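Residue-level listing of the chains:
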Amino acid sequence: MIKMSMGYTVLSRLRTLARYTIAYACITHCTFEYVGDFVLCKGPSMEPTLFSDNVLLTERISKYWRKYQSGDIIIAVSPVNASQYICKRIVAVSGEKITTLKPTPMEAESASKHPSKVAMVTDYVPHGCVWIEGDNKGNSSDSRYYGPIPLGLIRSRVICRIWPLTELTSL
């Protein structure tokens, strides 16, 4: 009778542990999916504002009462590789005029012995899209290459850098 009671106590504790674990996992998932999360930056495209291995705090709820604005730093699904996320700054929103240098493809630069002619391109950002660029224009693949991105690709807006602690700042 004592063994049966002890087995019941162990099962009862395991059941309680499983219940708390599942509840915690659900709350964590919903928080990271609908409220905000942490992002580890990789790559030089946002230098000097952000560097590789910076950790950012992002949020996803303000899009319901605040539109994205020029100057916002966002995390979005890459339009050329859906398995990657990109961190870029919004330069223009729907309806705004954008004038930018049209980059030449790397293949054209390496094949040509002559310096390429600089071409300025003027266009309007279509409805439901944003124009994004990295702060490091010389080392960023952004809207200059693939055009404006749909708002549906934006995952979150960066609130602040939280790591390294010496560079803790709102963005």
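For the structure itself, look to the data block above.
Residues numbered from 1 in each chain as written. Predicted model: local features only at pLDDT ≥ 70, side-chain atom pairs only at ≥ 80, totals over all residues. Heavy atoms only, no water.

**As for the environment of Pro126**
Locating Pro126 in the fold gives a position in the loop between β6 (119–124) and β7 (129–133). By relative accessible area, which is 37% here, Pro126 ends up partly exposed. Once the C-alpha coordinates of Pro126 and Ile149 are considered, the two residues, 23 residues apart in sequence, prove to be 9.3 Å apart. (Helix = DSSP H or I, 4+ residues; strand = E, 2+ residues; numbered from the N terminus. Buried < 20%, exposed > 50% of the residue type's maximum accessible area, 1.4 Å probe, protein only.)

**Concerning the pairing of strand β9 (residues 154–163)**
Relative to β9, strand β2 (residues 55–59) runs antiparallel, the two sharing five bridges. Across the sheet, Thr58 pairs through a bridge with Val158, a residue of β9. Bridge analysis of strand β3 (residues 73–77) against β9 gives three bridges, and the strand direction is antiparallel. By the bridge assignment, Ala76 is partnered in β9 with Ile154. When β9 meets strand β10 (residues 169–170), the two strands line up antiparallel, connected through two bridges. In the strand pairing of β10, Arg161 is matched with Thr169. Once β9 ends, the chain turns through five residues before running back antiparallel as β10. (Pairing = 2+ DSSP bridges.)

**Details of a nonpolar patch on the surface**
Residues Tyr34, Val35, Ile61, Tyr64 and Trp65 make up a contiguous nonpolar surface patch of roughly 620 Å² in combined accessible area. By secondary structure assignment, the location of Ile61 is in the loop between β2 and β3. A relative accessible area of 33% means that Ile61 is categorised as partly exposed. (Patch = residues over 30% accessible without salt bridge, like charges linked within 9 Å, V, L, I, M, F, W, Y side chains within 5 Å. Areas by Shrake-Rupley, 256 points an atom, 1.4 Å probe, with all protein chains shown as cover. Salt bridge = Lys/Arg side-chain N within 4 Å of Asp/Glu carboxyl O.)

**Some remarks on unusual backbone geometry**
The omega torsion across Glu47 and Pro48 is 10°, close enough to zero to call that bond cis. Topologically, Pro48 is positioned in the loop between β1 (36–40) and β2. At the junction of Trp163 and Pro164, the peptide bond is cis and its omega measures out at 0° in the coordinates. For Pro164, the location among the structural elements is in the loop between β9 and β10. Its identity is not glycine, yet Asp53 carries a phi of approximately 70°, on the positive side. Looking at the element boundaries, Asp53 is found in the loop between β1 and β2.

**Side note on the pattern of salt bridges**
Scanning all chains against the criterion turns up nine salt bridges. Here Asp53 and Lys42 are joined by a salt bridge, their closest N and O atoms 2.5 Å apart. Separated by 11 residues along the polypeptide, Asp53 in the loop between β1 and β2 and Lys42 in the loop between β1 and β2 bring together distant segments of the chain. When its relative accessible area of 40% is taken as the criterion, Asp53 is described as partly exposed. The partner of Asp135 in a salt bridge is Arg89, and the shortest N-O contact between them spans 2.9 Å. Within this pair, whereas Asp135 is found in the loop between β7 and α3 (143–146), its partner Arg89 is found in strand β4 (residues 85–93), the two being separated by 46 residues in sequence. Residue Asp135 is classed as partly exposed on the basis of its relative accessible area, which comes to 21%.

**A short note on the environment of Phe38**
Along the chain, Phe38 falls in strand β1. Along the primary structure Phe38 and Cys160 are separated by 122 residues, whereas in three dimensions their C-alpha atoms are 10.0 Å apart. In this view, Phe38 contacts Phe32, Val55, Leu56, Leu57 and Ile162; residues no more than four positions away in its chain are not counted. (Contact = heavy atoms within 4.5 Å.)

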